[in-house]
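# An overview of the molecular structure
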Amino acid sequence: MKIIEIEFTGTPVTDIKRARAFYEGVLGLEPALESMGGMVVEYRIGKAILTVACLGEEWKPSPDGTFVALEVEDLDAEITSLKSQRVKFAMGATDTPTARFAVIFDPDGNKIMIHKRRAVSDSERKP
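Residues numbered from 1 in each chain as written. Predicted model: local features only at pLDDT ≥ 70, side-chain atom pairs only at ≥ 80, totals over all residues. Heavy atoms only, no water.

## A short note on the nonpolar core
Buried together is how nonpolar side chains tend to be arranged in soluble globular proteins. Short version of the rule: Each nonpolar core is a collection of buried residues, namely Ala, Val, Leu, Ile, Met, Phe, Trp, Tyr and Cys, held together in the definition by side-chain atoms within 4.5 Å. For each residue, the accessible area found with a 1.4 Å probe, counting protein chains only, is set against the maximum for its type, and the residue is called buried under 20%, exposed over 50%, and partly exposed in between. Helix and strand assignments follow DSSP, with helices taken as H or I runs no shorter than four residues and strands as E runs no shorter than two, numbered in order from the N terminus. What makes two residues a contact is simply this: any of their non-hydrogen atoms within 4.5 Å.
Within the largest apolar cluster, 22 residues are counted, with the highest numbers of intra-cluster contacts made by Tyr23, Val52, Ile104, Ile112 and Ile114. Contributions of two or more residues to this core are made by α1 (16-26), β3 (40-45), β4 (48-53), β5 (68-71), α2 (75-84), β7 (99-105) and β8 (111-117). With four residues, the top contributor of residues to this core is α1. Excluding anything up to four places from it in sequence, Ile114 contacts Leu70, Val72, Leu75, Glu78, Leu82, Arg100, Phe101, Ala102 and Ile104.

## Remarks on the environment of Met36
Tracing the backbone through its elements, the reader meets Met36 in the loop between β2 (31-35) and β3. Along the backbone, Met36 and Phe22 are 14 residues apart, and their C-alpha atoms lie at a distance of 20 Å.

## Some points on the sheet that holds β2
As a reminder, the rule being used: When DSSP finds two or more bridges between two strands, those strands count as paired. Helix axes are fitted only over the stretch in contact, all axes being lines through C-alpha atoms; the angle between N-to-C directions runs from 0 to 180 degrees.
An order of β1-β4-β3-β2 is seen for the four strands of this open sheet, with the pairing classed as mixed. Each having just a single partner strand, β1 (9-12) and β2 make up the two edges of the open sheet. Looking at each pair of strands side by side, their axes are set apart by 20° on average, direction ignored. One ladder, built from four bridges, connects β2 with β3; its direction is antiparallel. Across the sheet, the residue bridging to Glu34 is Val41, located in β3. Packed onto the sheet, α1 meets β1, β2, β3 and β4 and runs at close to 10° relative to β3.

## Thoughts on the pairing of strand β6 (residues 89-95)
Pairing of β6 with β7 involves four bridges; the strand directions are antiparallel. Note on β7: the bridge partner recorded for Thr94 is Phe101. Hairpin connection from β6 to β7: three residues lie between these consecutive antiparallel strands.

## Here we look at the packing of aromatic side chains
Just so we agree on the cut-off: Aromatic contacts are taken between Phe, Tyr and Trp rings whose centres are within 6.5 Å, Trp giving its six-membered ring; a plane angle under 30 degrees counts as stacked, one over 60 as edge-to-face, and the others as tilted.
Scanning the entire structure with this criterion turns up two aromatic pairs. Here Phe22 and Tyr23 contribute two aromatic rings whose centre-to-centre distance is 5.2 Å and whose plane-to-plane angle is 85°, an arrangement assigned as edge-to-face. Overall, the relative accessible area of 6% leaves Phe22 in the buried class. Here Tyr23 and Tyr43 contribute two aromatic rings whose centre-to-centre distance is 6.3 Å and whose plane-to-plane angle is 20°, an arrangement assigned as stacked.

## Quick notes on the sheet that holds β6
As summarised here, the arrangement of the four strands in space is β5-β8-β7-β6, forming an open sheet in which the pairing is mixed. For this open sheet the edge positions go to β5 and β6, each flanked by a neighbour on one side alone. In this sheet, adjacent strand axes meet at a mean angle of 20° when their direction is disregarded.

## Points about the side chain of Asn110
The line we're drawing: Throughout this description, a polar contact denotes any pair of N or O atoms lying within 3.5 Å of each other; where both atoms belong to protein, one of them has to be capable of donating a hydrogen while the other can accept it, and for residues adjacent in sequence the pair is counted only when both atoms sit in side chains.
In this structure, Asn110 sits in the loop between β7 and β8. Separated by 2.8 Å, the side chain of Asn110 and the backbone oxygen of Pro12 make a polar contact. Residues contacting Asn110, with those up to four places away along its chain left out, are Thr11, Pro12, Val13, Pro61, Ser62, Ile104 and Phe105.

## Focus: α2
Here is the rule we go by: Regarding the arc, it is the one traced by the directions from the helix axis to the C-beta atoms.
Among the residues making up α2, those that are buried are Leu75, Ile79 and Leu82. Angular distribution of buried residues about the axis of α2 spans 65°; they occupy a single face of the element. Away from its buried face by more than 90 degrees, α2 exposes Thr80 and Ser84. Contacts made by the buried residues of α2 are with α1, β6, β7 and β8. Positive backbone phi, approximately 60°, marks Arg86, located one or two places after α2.

These results come straight from atomic positions and should not be treated as a statement about function.
In structure tokens, the structure reads:
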């Protein structure tokens, strides 16, 4: 298999109206496409797509599954904004050699990483 790129990331939700209030109102994403009677919403982020879908028993939310990492300009400002909106955090600001991040929950308990890359030299990237 030769994988070229990630086409989209999907996130299951139980209430599309509540999910849209979070993804659009709190995270500031703009819908690019709606389908299946409004039960599936796509958000274009750079070259990628984040799909939020309410598909009932076919696909259930979980805090234990795959999550999406969203690159932000100012991590500290975003953490402050999210806290002021009473967003629940799974993990506070955490530093790694290549990035700084925090992990939040959406209203269904899905995890979302808010991420800021660090400038890393080529020599630091190599094992």
